[in-house]
Amino acid sequence: MTSSPQRRIDVAGLVIAIILLVLAGVVWWDMSKLQILSPYDLGPKVMPVIVSIGLAVLAIGNGISAFRGDLPERESLDWTPIVLILGGLAILIVLIAFGWGFMIGTAILFAATSTAFGRRAFFVDLLIGAGLALFVYLLLGKLLTLSLPAGPLENLF
Amino acid sequence: MTQFRKGLWRSALAVAAVAGFVTSAAAQMELKIMAPAAPGGGWDQTARSMQQALTQSGIAKSAQVTNVPGAGGSIGIAQLVNNSKGDGNQLMVMGYVMVGALLTNKSPVTLEQTTPIARLTAEYEAIVVPADSPIKTAKELADALKADPAKVTWAGGSAGGVDHIAAALFAKAAGADPTKINYIPFSGGGEALAAILGGKVTAGISGYGEFESQIKAGKLRLLGLTTPANQGTTDKPSIKAQGVDIEIANWRAVVAPPGISADQKKALVDAMDKMAKSAEWQAILKQKGWEDSYVSGDVFAKILADEQARTKEVLTSVGLVKS
Amino acid sequence: MDAFVSLVNGLSVAIQPMNLLFALIGVLLGTAVGVLPGIGPALTVALLLPITFKLDPAGSIIMFAGIYYGGMYGGSTTAILINTPGESASMATALEGNKMAKAGRGGPALATSAIGSFVAGTIATLGLTFLAPYLVDIAVSFGPEDYFALMCVAFVTVSATFGDSPVRGLTSLFIGLMLGLVGIDILSGQSRLSFGVPELYDNIEVTTLAVGLFAIGEALYVASRRHIQEEKLEPVRGSLWMTKEDWKRSWKPWIRGTLFGFPIGALPAGGAEIPTFLSYSTERRLTKHPEEFGHGAIEGVAGPEAANNASAAGTLVPLLTLGLPTSATAAMLLAGFQQYGLNPGPLLFAERPDLVWGLIASLFIANGMLLVLNLPLVGLWVRLLAIPQPWLYAGILVFATVGTIAANPSPVELIMLTVFGILGFLMRRFDFPIAPVVVGLILGPVAESQLRRALSISLGDPMTLLQSTISATLLAIALIALVLPFFLKGLGRFKAVED
């Protein structure tokens, strides 16, 4: 998107404004369910009201700049690496949620991220990631006795 | 007579059988203790101390501590009830605070679903005022509260916690409207203590340990502890003995998952009984300054049920729980 | 002079070889855990308590103090090098420090942070030695209304982190304030913006937000732009060490940072984040190189780092004099004392002077040790940036996620981290400043609860905010700081017209 002299409406900027407006609405809706319990306390509602009004006003402000088109320029975007990294994070989350431990997921996350940054050695990186995870597990899980999410791999050690 | 003798015989047999079972089972007992809180807090310290006492005294072969922090224990108990059903080696540390937290968080999982095992420690609540306060006794504080509850500001822990409940119970016992108390929750013990020392509030309420060194140094005046009337001493007067009828303790306990067999329950109760008597556990209690309030099995189950009913009533009266 | 004699006695305790060893173990361990976001000194001390019980009290408490100071160092190293603040107090350091590292000035950034921490730590520990009894009286007299006024001052200075557009800066701040609402409201016990998810009841962890926005957001952003602009990191450009110019630009921020950090750290609800931001904003206003801010200004590293370490020493004032633990780490130190049957507080100085002064003396030693350890390591640390980019960023993601699950092994926490990462990416893409989000999360809840406490105590009378001298003064400062820039601008315009 290049800014032309006649200044086009910035669609992304409008979307941001709408999201802010929705957030303002959510905060307001959530606030309406609260009760004031203590007769002396200002109550839990005041701050959400301020935040909600603030977000709504800022939605208008962002909307105006979107209409004026005076948002900064943006360069084109390569989605592949983003999908790779977010995919790695998603796999890690799913594996932990289903009790497969954190080591497998961490290794995959490591390999996925390094692929996203242009390396073409997925399996080597998988091993490096696994080594890193093992090191972390021994340091935190065994030495400091923190309870890291454990699965089949962790139980070997 | 015969019947009595028969009963006696039966129970003696049962005891012998259980004892035999426990000694053999205990040797392989591999316990898992969940602290439904982040490492470092009170429940975590209790879990890790249990681990220490159980393994060092040889009551259990191993005891593994896991932390499941979040929402006053709501997340931990949900995991215990849903994922550990019928697991006779799993224990969870909990405390009085959890009773209130589950109610205020509207937790779908309740303590009734767990298997109560034993209460381990208890700490009584202390009410203090700044050293230069005109209030000298618990009775005077009660009178001030009765005259105008708004003017008596309390500093303590988070809303709906044991400090808040104790303050509400005190107001009720004093004949004041508990919904009208001016209770100001603080996030950390240090912050509340600073507000009391700085004379920002009328009174402070929290576990005795929070205030101990300030009381000894003469910076705070102790009005009393929420102990039973006959347990008061000159150093630590009982509030109940001063005519304000309130008794409450912040206890810590262990529960097991639902669905465990009677034998499994018995084994866990016996392991706790042994641990409570062990020299290792007694040494830890002394070192940490924890008061021993050990009861196990059905006695504890009864206490747990009573505490739940009372807490629900108090929290409903201050509006935190809808009946 | 009493304090001086006691300090010398304390030094004689602290320089016993065994205690020196404990201090060394402490600073090394502290640096190691400080590097990982989510795992801080508090957690480490908590986990070590049972192990150290067998050691003698002086040794283990000295070790804990080493962990405490070491954690502060470790957190800022990762903030500078890989934009991953290890503790929330290192966030301000990341703002300029990481920009410096990317420009090949990581060496001077690390050096000014190490030396600044040393200078600040030493001055603040001196303050602890000689001023603690006086300071603590002021600290305790600080009431909720005064904290609220302090928050007002902090809010006014936040605009320094806004970048060039006030609308976008304020948008970021309000998103932070909104995130600050999530969880159980401490004053009423009701949950806000939690949608029935119990994991959200405990409020959003500052480190989760900061690491998501800074580290993961940045990784996503850099990856998405690789096809346009390959990011080239040169570990060292110019001097690895601080130049004469760097020294000249650093020493005043060190002193000013200390002056913010120590007293605010000594306040029971002061914390380390607020002084670091006040210091950052001040340096940004006072600098002679305003064009460098946002691109790696050394003042923006020197000041906040000094403030961070000075506040760590400040925290010990209420802990040692009153037994008030005012931070998670201080609470663990307190537990460390209690494990030996010692109760910090008014009596500890009288009952166990050897221990208290041994601890204070070992703080000096820990500080010196950290400087000696860290300065030679600067060269090595900076080489980290020479790791091939794919591995560097993959490592950053692993550190960020593992640190998060080690502190809270729940998938929900990781989901939050990911969502904040996406938020950070989008904010970078649409040029919204990142820091105000975290500032909003930190300041919002404190300002709200302190105001509500103040009004509860005064039974709803807002005049309570002006009746306290401290509060009135701070509010006046906030007002001046708010109005002055406009006034000066007006004056400038007036002058321009006259010319």
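Residues numbered from 1 in each chain as written. Chains lettered and ligands numbered in written order. Predicted model: local features only at pLDDT ≥ 70, side-chain atom pairs only at ≥ 80, totals over all residues.

Details of the overall build of chain C
Scanning chain C from N- to C-terminus turns up 20 helices and two strands. Its C-alpha atoms give chain C a radius of gyration of 22 Å, within 12% of the compact-globule value 23 Å for 499 residues. Per-residue burial over chain C gives 65% buried out of 499 residues. (Helix = DSSP H or I, 4+ residues; strand = E, 2+ residues; numbered from the N terminus. Rg over C-alpha atoms; globule rule 2.2 N^0.38 Å. Buried ≥ 20, exposed ≤ 12 C-beta atoms within 10 Å, placed from the backbone.)

Concerning the overall build of chain B
Scanning chain B from N- to C-terminus turns up eleven helices and ten strands. Here chain B has a C-alpha radius of gyration of 21 Å; the compact-globule value for 323 residues is 20 Å, and the two agree. Referenced to the eigenvectors of the C-alpha coordinate spread, the extents of chain B come out at roughly 60 × 45 × 40 Å. Buried residues in chain B amount to 54% of all 323 residues. Long-range contacts, defined as pairs at least 24 residues apart, comprise 77% of the intrachain contacts of chain B with a sequence gap of at least 6. (Contact = placed C-beta atoms within 7 Å.)

Let's talk about the interface of chain C and chain B
Each side of the interface is counted separately: chain C has 39 residues, and chain B has 39 residues. Elements with a contribution of two residues or more to the side of chain C that touches chain B: helix H3 (41-52), helix H6 (106-141), helix H12 (299-322), helix H13 (328-338) and helix H18 (435-457) of chain C. Take the side of chain C that touches chain B: its biggest share by element is five residues, from H3 of chain C. Residues that form the side of chain C that touches chain B fall into these classes: 23 nonpolar, 13 polar and three charged. (Nonpolar A, V, L, I, M, F, W, Y, C, P; charged D, E, K, R; others polar.)

Considerations on helix H16 (residues 389-407) of chain C
With 19 residues, H16 of chain C extends 27 Å from end C-alpha to end C-alpha; this agrees with the ideal 27 Å at 1.5 Å per step. Burial of H16 of chain C is extensive: 16 of the 19 residues sit out of reach of the surface. (Expected span 1.5 Å × (residues − 1).)

Section: H12 of chain C
Spacing of three or four residues puts side chains on the same side of an α-helix, whose turn is 3.6 residues. Helix length check: H12 of chain C, at 24 residues, gives a terminal C-alpha distance of 35 Å against a target of 34 Å (1.5 Å per residue), a fit within 8%. Judged by how many residues are buried, H12 of chain C sits mostly within the fold: 24 of 24 residues are covered.

What about the pairing of strand S7 (residues 203-207) of chain B?
All names here are of chain B. The buried count for S7 comes to five of five residues, which makes it a mostly enclosed element. Where strand S4 (residues 115-130) lies against S7, four bridges are found, and the strand directions are antiparallel. Residue pairing for S7: glutamate 125 is matched across the bridge by glycine 207. (Pairing = 2+ DSSP bridges.)

Thoughts on the environment of alanine 58 of chain C
Residues and elements named next belong to chain C. As for its placement among the helices and strands, alanine 58 is situated in helix H4 (residues 57-82). We classify alanine 58 as buried; it has 22 C-beta atoms within 10 Å. Linking alanine 58 and aspartate 354, residues 296 residues apart in sequence, is a C-alpha distance of 8.6 Å. Once you skip the residues sitting within four places of it in the chain, alanine 58 turns out to touch Val13, Asn19, Leu355 and Gly358.

Some details on the environment of threonine 207 of chain C
Examined against the element boundaries, threonine 207 of chain C turns out to sit in helix H9 (residues 206-224). Measuring from C-alpha to C-alpha, the distance between threonine 207 of chain C and glycine 403 of chain C comes to 9.6 Å, with 196 residues separating the pair along the chain.

Thoughts on the domain arrangement of chain B
Accessible area lost upon the coming together of the parts serves often as the stated size of an interface. All names here are of chain B. Here chain B is described as being made up of domain 1 (2-122 + 250-317) and domain 2 (123-242). Relative placement of domain 1 and domain 2: their C-alpha centres are 30 Å apart. Each partner contributes to the interface: domain 1 provides twelve residues, whereas domain 2 provides twelve residues. Secondary structure elements with two or more residues in the side of domain 1 that touches domain 2: helix H4 (96-104) and helix H11 (297-317). In terms of residue class, the side of domain 1 that touches domain 2 is built from five nonpolar, six polar and one charged. (Domains from an automatic or database assignment.)

Some points on the confidence of the model for chain C
Scored by pLDDT, chain C comes out at a mean of 83, with 93% of its residues at no less than 70. Note on the complex model: pTM 0.83, ipTM 0.91. (pLDDT = per-residue confidence, 0-100.)

Re the interface of chain A and chain C
Between chain A and chain C, the contact holds 60 residues from the first and 48 residues from the second. Among the elements of the structure, helix H1 (11-32), helix H2 (46-68), helix H3 (79-97), helix H4 (103-116) and helix H5 (122-143) of chain A are those that each provide at least two residues to the side of chain A that touches chain C.

A few points about the packing of H1 of chain A against H2 of chain A
Residues and elements named next belong to chain A. Two elements in contact, H1 and H2, have axes whose closest approach is 8 Å; the angle formed by their N-to-C orientations is 165 degrees. Judged on the interaxial angle alone, H2 and H1 are roughly antiparallel. You can see that H1 and H2 cross each other, and the crossing is left-handed. Contacts between H1 and H2 involve Gly13, Leu14, Ile16, Ala17, Leu20, Leu21, Leu23, Ala24, Val27, Trp28, Asp30 and Met31 on the former and, on the latter, Pro48, Val49, Val51, Ser52, Leu55, Ala56, Leu58, Ala59, Asn62, Gly63, Ser65 and Ala66. Taken together, the residues that form the contact of H1 with H2 break down as 18 nonpolar, five polar and one charged. (Axes fitted to C-alpha atoms, helices over the stretch in contact; angles between N-to-C directions. Parallel < 35°, antiparallel > 145°, perpendicular 65-115°, else oblique. Left-handed = near helix turned anticlockwise from the far one by under 90°.)

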